[in-house]
Amino acid sequence: MRTIPILFLLAALSAGVSAQHRLVIIGSSTAGGTGAKPLDSSWARRLDHYYRVEKKLVDTSYILAVGGYPSYKGMPSRYVPPPGRDWPDTAVNISKALRVLDNLPLPANGVVIINYPSNGYDHYSMDEILFTLQTMYDSVTAKGHRCFITTTIPRTDKAFRPSAVKRKMALIRDSILHRFGSSHTLNFYDGFFNPADSSVPDAIAAGDHIHFNNAGHRAVFEKVLAKNVLGPELPVQLPNFQGSLQSKTVQLQWTASLHDPKAGFLLLRSTDNKAFDTIARIPANKNLTASPYSFTDAQPAPGNNRYRLLIRQGSEYIRSRDLTIQNPEPGIQVLHLNWQAAPQQLALSVNAARDYQLTCTILFPSGIAWQQLKRSVKKGDNQLQLPGSLLPAGHYLLQLQYGQEQTLLLPFTK
């Protein structure tokens, strides 16, 4: 059943609001308050009451939650999902959340909590789960607002009862904590499950093997409160993190206004959209006013290079939005290609800019595949052989696919 998004409006801002914060919670039934009776006992409504009514730190709160919704429903409005996945719901998605945060002072006077803890996770891949959460997170932080991602929750209804699925839910929790860091996550798993069977403990269970009761919602509320999601102002603003490819190098620039003279930057790069490596440590200027910074990546990888700044704040780091720069240089160069009669095989010499997994496909001129093989190459020179004793005499194409959708197409004759 569809849950109607709930909008709380403060009747008069003149009653002494001390900050122009707004809070948005998007997600599914846990965010909507399922299991809490009355609904005002839910963790989200308790949070609204605390910040808006008791502390008067928030002038407006929005709860955009629909029971049963998976994370794809929260994706930006223009996102086109892969086949078999849900389309975004523009009434309650991340684009809607950002619209209600328009015209707020920056940085970070808007706070978004993203709470999609389980729906679809029994059969979604890990990559697509993290992709949807990352996309929503980046959409929020790119606008200068705070964003918090909640972990999975324990769940033991039918689809989530198998041991493999229980282990997967714990792994998703760990992946969320690792990817977004403790500063930007809310752990709704640890302390909310029975180690014997990964179920919700009876004392906080609503009885449906999925949701929390009033006591559980209160415990979640207290965990969110302890995180202090409104928090202190960010010590660094990054209004223009940008870059471009120039003469086979990537030039990166940003401007930072520092409130902590000990702040500094870590510049990270990913060449597979998964793992990030630190490529530079950049100290902050001593000047506390807005200052320009730049860095040259002299050796970008072929294909997409994804850059991320981490700004040191005490013992923790604040993350910038990610920036992707495409390097059109090929990662594979074929130095030699010929058909060998004995043994009957296609032999090729390739030079690789880094380690790759190759998909080698022999195609008829019409584009129909005759044979497809997987090969691994190491950085540097490599010798490959592709067997083809049953290949009829004629003209063919060899297609090499590698990296992030990089492709080479080479003709040969048997």
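Note that the coordinates shown come from a computational prediction; the quantities given were computed from them, not determined experimentally.

Section: the pattern of salt bridges
So, point 1. Under the criterion given, the structure shown has 12 salt bridges.
So, point 2. Overlapping salt bridges, with partners in common, bring together Asp138, Arg306, Arg308 and Asp322 in one network.

Comments concerning the packing of helix 2 (residues 43-54) against helix 6 (residues 214-227)
So, point 1. Relative orientation of the contacting elements helix 2 and helix 6 amounts to 45°, with a least axis distance of 8 Å. As judged from the angle between their axes, helix 2 and helix 6 are oblique. In the crossing of helix 2 with helix 6, the sense of the turn from one axis to the other is right-handed. Contacts between helix 2 and helix 6 involve Trp43, Arg46, Leu47, Tyr50 and Tyr51 from the former and His217, Arg218, Val220, Phe221, Val224 and Leu225 from the latter.
So, point 2. Its residues placed into classes, the contact of helix 2 with helix 6 shows 8 nonpolar, 1 polar and 2 charged.

Side note on the sheet that holds strand 19 (residues 369-377)
So, point 1. Taken in spatial order, the 4 strands of this open sheet run 19-18-21-22, and their pairing is antiparallel. With one partner strand each, in any of the chains shown, strand 19 and strand 22 (406-413) form the two edges of the open sheet. Across the sheet, the mean angle separating the axes of adjacent strands is 20° when strand polarity is ignored.
So, point 2. Sheet analysis places strand 18 (residues 356-363) next to strand 19, joined by 8 bridges and oriented antiparallel. Within strand 19, the position partnered with Thr359 by the bridge is Lys374.

Re helix 6
So, point 1. If you check helix 6, its first and last C-alpha atoms are 20 Å apart, about what 14 residues at 1.5 Å a residue would give, namely 20 Å.
So, point 2. Turning to helix 6, its buried residues are Gly216, His217, Val220, Phe221 and Val224. Angular distribution of buried residues about the axis of helix 6 spans 140°; they occupy a single face of the element.
So, point 3. On its buried face, helix 6 is in contact with helix 1 (29-32), helix 2, strand 4 (110-115) and strand 6 (185-186).

Let's talk about the packing of helix 4 (residues 126-141) against helix 5 (residues 163-180)
So, point 1. Running from N to C, helix 4 and helix 5 cross one another at 40°; their axes reach a closest spacing of 11 Å. As for how helix 4 packs across helix 5, the hand of that crossing is right-handed. Across the interface between the two elements, Met126, Ile129, Leu130, Leu133, Gln134 and Tyr137 of helix 4 pack against Leu171, Ile172, Ser175, Ile176, Arg179 and Phe180 of helix 5.
So, point 2. Here the residues of the contact of helix 4 with helix 5 are counted per class, giving 9 nonpolar, 2 polar and 1 charged.

Some words on the pairing of strand 5 (residues 146-150)
So, point 1. The element strand 5 is extensively covered by neighbouring structure, given that 5 of its 5 residues are classed as buried.
So, point 2. Residues Arg146, Phe148 and Thr150 point to one face of strand 5 and Cys147 and Ile149 to the other, with burial holding for every one of them.
So, point 3. Note on the crossover from strand 4 through helix 4 to strand 5: the handedness is right-handed.
So, point 4. Assessed by its sense of winding, the connection that carries the chain from strand 5 through helix 5 to strand 6 is right-handed.

Focus: the nonpolar core
For soluble globular proteins, the rule of thumb is that nonpolar side chains tend to be buried together.
So, point 1. Within the largest apolar cluster, 37 residues are counted, with the highest numbers of intra-cluster contacts made by Val24, Ile26, Ile114 and Leu133.
So, point 2. Every element with two or more residues in this core is listed here: strand 2 (21-27), strand 3 (58-65), helix 3 (94-99), strand 4, helix 4, strand 5 and helix 5.
So, point 3. Counting residues in hydrophobic clusters, the runner-up holds 25 residues, among them Ala31, Ile113, Val200 and Leu230.

As for empty space enclosed by the protein
So, point 1. If you walk through the whole model with that rule in mind, you get 1 cavity of 30 Å³ or more.
So, point 2. Within this model, the largest cavity holds a volume of roughly 40 Å³.
So, point 3. Taken together, the residues that form the lining of the largest cavity break down as 5 nonpolar, 1 polar and 2 charged.

Observations concerning the environment of Tyr402
So, point 1. The topology assignment puts Tyr402 in strand 21 (residues 395-402).
So, point 2. Separated by 42 residues in sequence, Tyr402 and Cys360 have C-alpha atoms that sit 9.1 Å apart.
So, point 3. Ignoring sequence-local partners within four residues, the contact set of Tyr402 consists of Pro330, Gly331, Ile332, Tyr356, Gln357, Leu358, Thr407 and Leu408.
So, point 4. At 3.3 Å, the side chain of Tyr402 and the backbone nitrogen of Ile332 are in polar contact.

Details of the packing of aromatic side chains
So, point 1. Per the counting criterion, the structure on display carries 17 aromatic pairs.
So, point 2. Between Trp43 and Phe188, the aromatic rings sit 5.5 Å apart at their centres with planes inclined by 75°, giving edge-to-face as the arrangement. With Trp43 in helix 2 and Phe188 in the loop between strand 6 and helix 6, this pair connects stretches of sequence that are 145 residues apart. Each member of the pair, Trp43 as well as Phe188, is classed as buried.
So, point 3. Here the aromatic cluster, defined as three or more aromatic residues joined through ring pairs, consists of Tyr72, Tyr79, Tyr124 and Phe131.

What about the side chain of Asp297?
So, point 1. Within the element layout of this structure, Asp297 appears in strand 12 (residues 291-297).
So, point 2. A distance of 2.8 Å separates the side chain of Asp297 from the side chain of Arg269, its partner in a polar contact.
So, point 3. Polar side-chain contacts of Asp297 include one of 2.6 Å to the side chain of Tyr307.
So, point 4. Not counting chain neighbours up to four residues away, the residues in contact with Asp297 comprise Thr249, Val250, Arg269, Ile279 and Tyr307.

Some thoughts on the confidence of the model for the chain
So, point 1. Per-residue pLDDT for the chain has a mean of 86; in total, 88% of the residues score no lower than 70.
So, point 2. Taken as a whole, residues 1-19 scores under 50 in pLDDT and shows 38 contacts with residues more than four places along the chain or in a different chain.

Thresholds applied
Residues numbered from 1 in each chain as written. Predicted model: local features only at pLDDT ≥ 70, side-chain atom pairs only at ≥ 80, totals over all residues. Heavy atoms only, no water. Salt bridge = Lys/Arg side-chain N within 4 Å of Asp/Glu carboxyl O. Axes fitted to C-alpha atoms, helices over the stretch in contact; angles between N-to-C directions. Helix = DSSP H or I, 4+ residues; strand = E, 2+ residues; numbered from the N terminus. Parallel < 35°, antiparallel > 145°, perpendicular 65-115°, else oblique. Left-handed = near helix turned anticlockwise from the far one by under 90°. Contact = heavy atoms within 4.5 Å. Nonpolar A, V, L, I, M, F, W, Y, C, P; charged D, E, K, R; others polar. Pairing = 2+ DSSP bridges. Expected span 1.5 Å × (residues − 1). Buried < 20%, exposed > 50% of the residue type's maximum accessible area, 1.4 Å probe, protein only. Arc of directions from axis to C-beta. Right-handed = clockwise from strand over helix to strand, strands pointing away. Core = buried A, V, L, I, M, F, W, Y, C linked by side-chain atoms within 4.5 Å. 1 Å grid on protein atoms, 1.4 Å probe; cavity = no way out; pocket = protein on both sides within 12 Å on 5 of 7 lines; lining within 4 Å. Points joined across faces, edges and corners; volume = space filled by probe spheres on them. Polar contact = N/O pair within 3.5 Å; in protein donor to acceptor, adjacent residues only side chain to side chain. Phe/Tyr/Trp six-rings, centres within 6.5 Å; stacked < 30°, edge-to-face > 60°. pLDDT = per-residue confidence, 0-100.

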